Amino acid sequence: DNEGIAIFCGLISEVAVQMSTSWGKRVLVTGGGGFLGSHLCDRLILEGCEVLCADNFFTGDKRNIAQLLDDHRFELVRHDVTFPLYVEVDEIYNLACPASPIHYQYDPVQTTKTSVHGAINMLGLAKRTRARILQASTSEVYGDPLKHPQEEGYWGHVNPIGPRSCYDEGKRCAETLFFDYHRQHNLRIKVARIFNTYGPRMRPNDGRVVSNFIVQALENKPITVYGDGSQTRSFCYVDEMIEAMIRLMNTTDEITGPINMGNPKEFSIRELAETVIELTGSRSEIVLRPLPSDDPVQRQPDITMAREVLGWEPVEGLRDGLVRTIEYFDRMLGGKQD
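Nothing here was measured: the structure is a model prediction, and the numbers come from that model.

(A) Expanded view of the overall build of the protein chain. Across its full length, the protein chain holds 10 helices and 13 strands. Each principal axis of the C-alpha distribution contributes one length, and for the protein chain these read about 85 × 45 × 35 Å. Looking at the protein chain as a whole, 52% of its 338 residues are labelled buried. Look at the contacts in the protein chain between residues 6 or more apart in sequence, and 81% of them connect residues 24 or more apart.

(B) Region of interest: the sheet that holds strand S3 (residues 74-78). Here seven strands make up an open sheet; going across it, the order is S3-S2-S1-S4-S5-S6-S11 and the pairing parallel. Since the sheet does not close on itself, it has two edges, and those belong to S3 and strand S11 (259-261), each with one partner. Neighbour-to-neighbour, the strand axes of this sheet turn through a mean angle of 20°, independent of strand direction. Sheet strands touched by helix H4 (residues 108-129): strand S1 (26-30), strand S4 (91-94) and strand S5 (132-138). Its angle to S4, the strand with the most contacts, is close to 175°. Most of the contacts of helix H5 (residues 165-185) go to S5, to which it runs at about 155°, and overall it touches S5 and strand S6 (189-194).

(C) Seen up close, the packing of helix H2 (residues 35-46) against helix H7 (residues 238-249). As a packed pair, H2 and H7 sit with axes 10 Å apart at the nearest point and diverge in direction by 65°. Classified by the interaxial angle, the pair formed by H2 and H7 is roughly perpendicular. Remark: the crossing between H2 and H7 carries right-handed chirality. Each of Phe35, Leu36, His39, Leu40, Arg43 and Leu44 in H2 lies in contact with H7, whose residues at this interface are Val238, Asp239, Met241, Ile242, Glu243, Met245 and Ile246.

(D) Fine view of H7. If you check H7, its first and last C-alpha atoms are 17 Å apart, about what 12 residues at 1.5 Å a residue would give, namely 16 Å. Extensive coverage of H7 is indicated by the burial of 10 of its 12 residues. All buried positions along H7 are accounted for by Val238, Glu240, Met241, Ile242, Glu243, Ala244, Met245, Ile246, Leu248 and Met249.

(E) Looking closely at the pattern of salt bridges. The final tally for this structure, using the stated rule, is 22 salt bridges. Between Lys25 and Glu91 there is a salt bridge; the shortest N-O distance is 3.1 Å. Residue Lys25 is found in the loop between helix H1 (2-23) and S1, and its partner Glu91 is found in strand S4; the two are separated by 66 residues along the sequence. On the basis of relative accessible area, Lys25 is assigned to the partly exposed category, the value being 31%. With its nearest N and O atoms 3.0 Å apart, the salt bridge here joins Arg132 to Asp253. Highlighted residues: Arg132 in strand S5 and Asp253 in the loop between H7 and S11, separated in sequence by 121 residues.

(F) Broad picture of a nonpolar patch on the surface. On the surface, Tyr226, Leu291 and Val297 cluster together into a nonpolar patch covering about 250 Å² of accessible area. Tracing the backbone shows Val297 in the loop between strand S13 (286-289) and helix H9 (304-310).

(G) Representation of the packing of aromatic side chains within the structure. Taken as a whole, this structure holds six aromatic pairs when the rule is applied. Between Tyr142 and Phe195, the aromatic rings sit 6.1 Å apart at their centres with planes inclined by 40°, giving tilted as the arrangement. Of this pair, Tyr142 sits in the loop between S5 and H5 while Phe195 sits in the loop between S6 and strand S7 (197-198), and the two are 53 residues apart along the sequence. Note on accessibility: Tyr142 and Phe195 belong to one class, buried. Taken together, the ring pairs in this structure connect Tyr142, Tyr154 and Phe195 into an aromatic cluster. We note Arg324 situated over the ring of Tyr237; from NZ or CZ to the ring centre the distance is 4.6 Å.

(H) Looking closely at the nonpolar core. Ranked by size, the top nonpolar core spans 61 residues in total, and within it Leu40, Leu44, Tyr93, Val210, Phe213, Met245 and Leu272 carry the most contacts. It is H7 that contributes the most residues to this core, eight residues altogether. Other than its neighbours up to four places away in sequence, Met245 contacts Leu40, Tyr93, Leu95, Leu134, Ile194 and Met261. Counting residues in hydrophobic clusters, the runner-up holds 25 residues, among them Val81, Leu177, Leu187 and Ile189.

Reading the values: the criteria
- Residue indices begin from 1 for each chain and proceed along its sequence in written order.
- Note on the predicted model: pLDDT of at least 70 is required for a residue's local features to be given, and 80 or more for side-chain atom pairs to be given and counted; whole-chain, interface and lining totals, by contrast, use all residues.
- Hydrogens and waters are ignored; side-chain quantities use all the structure's heavy atoms.
- A run of H or I in DSSP becomes a helix once it reaches four residues, and a run of E becomes a strand once it reaches two; helices and strands are each numbered from the N terminus.
- Each residue gets one of three labels from its accessible area relative to the maximum for its type: buried under 20%, exposed over 50%, partly exposed in between, using a 1.4 Å probe on protein chains only.
- Residues count as neighbours in contact if any of their non-hydrogen atoms are within 4.5 Å of one another.
- Only strands that DSSP links by at least two bridges are regarded as paired with each other.
- Helix axes use the C-alpha atoms of the stretch in contact, all axes being lines fitted to C-alpha atoms, and the angles between their N-to-C directions lie in the range 0 to 180 degrees.
- What sets the label is the angle itself: under 35 degrees gives roughly parallel, over 145 gives roughly antiparallel, 65 to 115 gives roughly perpendicular, and the rest give oblique.
- By the definition used in this description, the sense in which the near helix is turned from the far one sets the handedness, with an anticlockwise turn below a right angle giving left-handed and a clockwise turn giving right-handed.
- Here, expected helix span is obtained from the residue count minus one, scaled by 1.5 Å.
- Salt bridges, as used here, are contacts in which a Lys or Arg side-chain nitrogen is within 4 Å of a carboxyl oxygen on Asp or Glu.
- Residues enter a patch when their relative accessible area is above 30% and they make no salt bridge; the linking distance is 9 Å between like charges and 5 Å between nonpolar side chains (Val, Leu, Ile, Met, Phe, Trp, Tyr).
- Using a 1.4 Å probe, the Shrake-Rupley method yields the accessible areas, and only the shown protein chains count as cover for residues.
- Centres within 6.5 Å make a pair out of two Phe, Tyr or Trp rings, where for Trp the six-membered ring is used; the pair is then stacked when the planes are under 30 degrees apart, edge-to-face when over 60, and tilted otherwise.
- For a lysine, the NZ atom is tested; for an arginine, the CZ atom; a charge sits over a ring if that atom is within 6 Å of the ring centre and within 35 degrees of the ring normal.
- Among buried residues, the Ala, Val, Leu, Ile, Met, Phe, Trp, Tyr and Cys ones that are joined through side-chain atoms within 4.5 Å form a nonpolar core.

As structure tokens, this is what we get:
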């Protein structure tokens, strides 16, 4: 009868709503096999999302996501973002791009393509699916800054033709594309400017200062400091960076960024080296080398906007984060410290 049909339809509708809720959002993470991307995939799975991880594994590592491969909500596809990807998603985190100088300078033309063509392809996907899309931009858009600390309104001091330009200008162009798609097509964009981040799953050979120092210290090799070590960086632990990115993605459509994400507390490179030596009990000595071309002297984020808009600021102490990162590298290297 009609009453029975109505009850049946009501039950079907209720089950459909429950299933939709349990399935959660469908989220694409490009570069999901990398350092930041794999931690983001972990967090999204923990929050009940369905996660599609896309990575060509140029710098990513399958071991970073091995713990997720048996989860029915996780899917891995080997894909290069310089080519279009046709999937159905609700959100896109565009993290795909080599992020350390050694890797992005290995094939600078491909680095620029990854930033620019990758942004175009992912924005096109977001346009088709009406998905929210977050661009993992970088503090490198500020170049070697003349303003300190750097706030989002600062346009930067970037060499457009130097050895770091493939990354710096590629990321700057990607930001341009994001805002043009937002203005022209009303896309729901988010732009995060990520400052130095560290933690487990960094690659031991990526050339970044934290991983370099830890590996050299664990192997009791000389710790290479470029310049006199007085140049500064601001180091944010990876879990806190992931929290900031997710908070930005979950803001209202009116909030686009760019928003600085990083630790506003500055540390000199020499201070970092000395702390790593102390925490590892290493016999390493500090060795000075010439400063590379266009290497920033100071790098510190103004995170006023992150505090006000996201209610976020890092609280993890550098020493505590370094201890966990050192433990990770010690396991990876097989306890080589002697």
